[in-house]
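This is what each chain is made of:
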Amino acid sequence: MLGDPLITRMREFGTTVFAEMTALAVRTGSINLGQGFPDTDGPPAMLEAAVEAVRSGANQYPPGHGVPELRQAVAEHREKHYGLAYDPDHEIYVTVGATEAIAASVLALTEPGDEIVLFEPYYDSYAAVVTLAQAVRRTVPLRLTEGRFTFDPDELRAAVGPRTRAIVVNSPHNPTGTVFTRDELALIAELCAEHDLIAITDEVYEHLTFDGVEHIPLATLPGMRERTVMISSAGKTFSVTGWKTGWICAPAPLIAAVRTVKQFLTFTAGAPWQLAVAYGLRHELPWVTDLRDSLAAKRDRLATGLTQAGFDVIRPSGTYFVQTDIRPLGFRDGLDLTRALPTLAGVVAIPTQVFYDNPDHGRHFVRFAFCKRDDVIDEAAARLARLG
């Protein structure tokens, strides 16, 4: 008998919590506020651009590093919004979503035994790809302080050592909804310079910040452009998560390293979606501004319902997600609650503890997604009121 054919180092991961909770939602007919995908489509003109690209014959392999139209549009966007100049031919690389960009970057830029600093809670693919690379995770907890999640500077400094190769920075941050401040980013930049680290920045929610909070790319800080792998995606910006179209901006040597790995993962990304996203970056950012404003209103709508249901709500500054403390309702374990929640209230959420190396740090938090229609949010809030 073969036994368990899965390699030993990957056995801790199994099925993702998103797959488990989505299947639970389907099986129980519950409202799914777990996985972060919108239930409405992106800008109509951009969708039509994709249809036109299919009909006009853009259905074969595009260039491995992405169609020229998208790489040029990304370069224009980086310069216009952040003052960052990237060469579209040598410093921009298109990927199959941000998840592949992160995986290819970690696999390309770290050796077995290298240490990679992650802020926890972290998006679940980070831990898996660090393990695939046979690198070592060093986690720094984001703790709730004065109404927002942030890190202790001393804990971050202590996490960086002689074996540290890279730090992964996700801001706006999933799953906490925090947006790192300039001072927080400056400390990260200082440590990168002092220890010669590569920064891998996951910025997929870059346009989805609220209440006037500014997203500051780490690459814009002094000395950071040359050591930052900047990752973005069309999925969250334009509400087309199924298109899986992302990109990396980085100095040419880092792009060349990532290309060496990425070309043997998927080689290239779908041409029609690339052409449509190029259109979106050039013409649909006003639509994105409206999306941001509508999401801020949805955040407030869900937060009100969760508060009325008895949760302690931590107001996010960005992303699709709101964190809640479940202890005021008498619960202590988020995983137990989220597995019972479909029966208790007909709603599915995500237990935040699964995004930690040390689950005790987040055992009392549960994440809800508010990127849904208002009627869905209202129905979910009405169902959750049963918990009270």
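Here the structure is a predicted model, which is why all the values come from computation and not from measurement. (Residues numbered from 1 in each chain as written. Predicted model: local features only at pLDDT ≥ 70, side-chain atom pairs only at ≥ 80, totals over all residues. Heavy atoms only, no water.)

Q: Would you take a moment to explain the packing of aromatic side chains for this structure?
A: Tallied over the entire structure, the rule returns 14 aromatic pairs. Pairing F149 with F365 gives two aromatic rings, centres 5.4 Å apart and planes at 70°, and the pair type is edge-to-face. Here F365 lies in strand 15 (residues 365–369) and F149 lies in strand 6 (residues 148–150), a separation of 216 residues in the sequence. In terms of burial, F149 and F365 fall into one category: buried. Between Y320 and F321, the aromatic rings sit 6.0 Å apart at their centres with planes inclined by 70°, giving edge-to-face as the arrangement. Put simply, the rings of F18, Y123, Y126 and F355 touch in pairs and so form one group of aromatic residues. Its end group placed over the ring of F321, R367 keeps NZ or CZ at 3.6 Å from the ring centre. (Phe/Tyr/Trp six-rings, centres within 6.5 Å; stacked < 30°, edge-to-face > 60°. Helix = DSSP H or I, 4+ residues; strand = E, 2+ residues; numbered from the N terminus. Buried < 20%, exposed > 50% of the residue type's maximum accessible area, 1.4 Å probe, protein only. Lys NZ or Arg CZ within 6 Å of the ring centre and 35° of its normal.)

Q: Mind showing me how you'd approach the domain arrangement of the protein chain here?
A: The figure often quoted for interface size is the accessible area lost as the parts come together. As assigned here, the protein chain comprises domain 1 (8–42 + 286–385) and domain 2 (60–283). Look at where the C-alpha atoms of domain 1 and domain 2 centre, and you get two points 24 Å apart. On the domain 1 side of the contact with domain 2, T319, F355 and D357 bury the most area, a combined 18% of that side's loss. Where domain 1 packs against domain 2, one counts four salt bridges. Across the pair R299 and D211 runs a salt bridge, and its minimum N-O distance is 2.8 Å. Going through the elements one at a time, helix 11 (285–309), strand 12 (321–325) and strand 15 are the ones with two or more residues in the side of domain 1 that touches domain 2. The leading source of residues in the side of domain 1 that touches domain 2 is helix 11, at eight residues. (Domains from an automatic or database assignment. Buried area = accessible area lost by both parts, 1.4 Å probe. Salt bridge = Lys/Arg side-chain N within 4 Å of Asp/Glu carboxyl O.)

Q: How should I be thinking about unusual backbone geometry in this particular structure?
A: When glycine is set aside, most residues are seen to have a negative phi, and most peptide bonds are trans. With an omega dihedral of 5°, the bond running from E120 to P121 counts as a cis peptide bond. Of note, P121 is situated in the loop between strand 3 (115–120) and helix 5 (124–132). We note that E146 has phi near 50°; this positive angle belongs to a residue other than glycine. Summarising the element assignment, E146 is placed in the loop between strand 5 (143–145) and strand 6. The residue K244 is not glycine, and still its phi comes out positive at about 50°. Here K244 lies in the loop between helix 8 (234–237) and strand 10 (246–249). Residue classification places K244 among the partly exposed positions, given a relative accessible area of 36%.

Q: In this structure, what is going on with empty space enclosed by the protein? I would like to understand it.
A: Think of a ball as big as a water molecule: rolled over the atoms, this probe shows where empty space is left. Enumeration over the complete set of coordinates arrives at three cavities of 30 Å³ or more. Its volume calculated, the largest cavity comes out at about 40 Å³. Taken together, V169, N170, S171, L185, T201, E203, H215, I216, P217 and L218 make up the lining of the largest cavity. (1 Å grid on protein atoms, 1.4 Å probe; cavity = no way out; pocket = protein on both sides within 12 Å on 5 of 7 lines; lining within 4 Å. Points joined across faces, edges and corners; volume = space filled by probe spheres on them.)

Q: Mind showing me how you'd approach the pattern of salt bridges here?
A: A side chain with one charge may pair with a side chain of the opposite charge, provided their charged atoms come close. What the rule picks out here adds up to 28 salt bridges. One salt bridge in this structure joins E12 and R137, with 3.6 Å as the shortest N-O distance. Note that E12 is positioned in the segment before helix 1 (17–28) and R137 in strand 4 (residues 136–141), a separation of 125 residues in sequence. A relative accessible area of 55% places E12 in the exposed class. With its nearest N and O atoms 3.0 Å apart, the salt bridge here joins D357 to R137. Note that D357 is positioned in the loop between strand 14 (350–351) and strand 15 and R137 in strand 4, a separation of 220 residues in sequence. Salt bridges linked by common partners bring D211, R299, D300 and R315 together as one network.

Q: Explanation requested: helix 1 in the structure shown.
A: An α-helical segment advances 3.6 residues per turn. Residues three or four places apart therefore align on the same side. Here helix 1 is 12 residues long and its end C-alpha atoms lie 16 Å apart, about the 16 Å a rise of 1.5 Å per residue gives. V17, F18, M21, L24 and A25 are the residues of helix 1 that are buried. Within helix 1, the buried residues cover an arc of 130° as seen down the axis, which keeps them to one side. The exposed set on the far side of helix 1, more than 90 degrees from its buried face, consists of V26 and R27. (Expected span 1.5 Å × (residues − 1). Arc of directions from axis to C-beta.)

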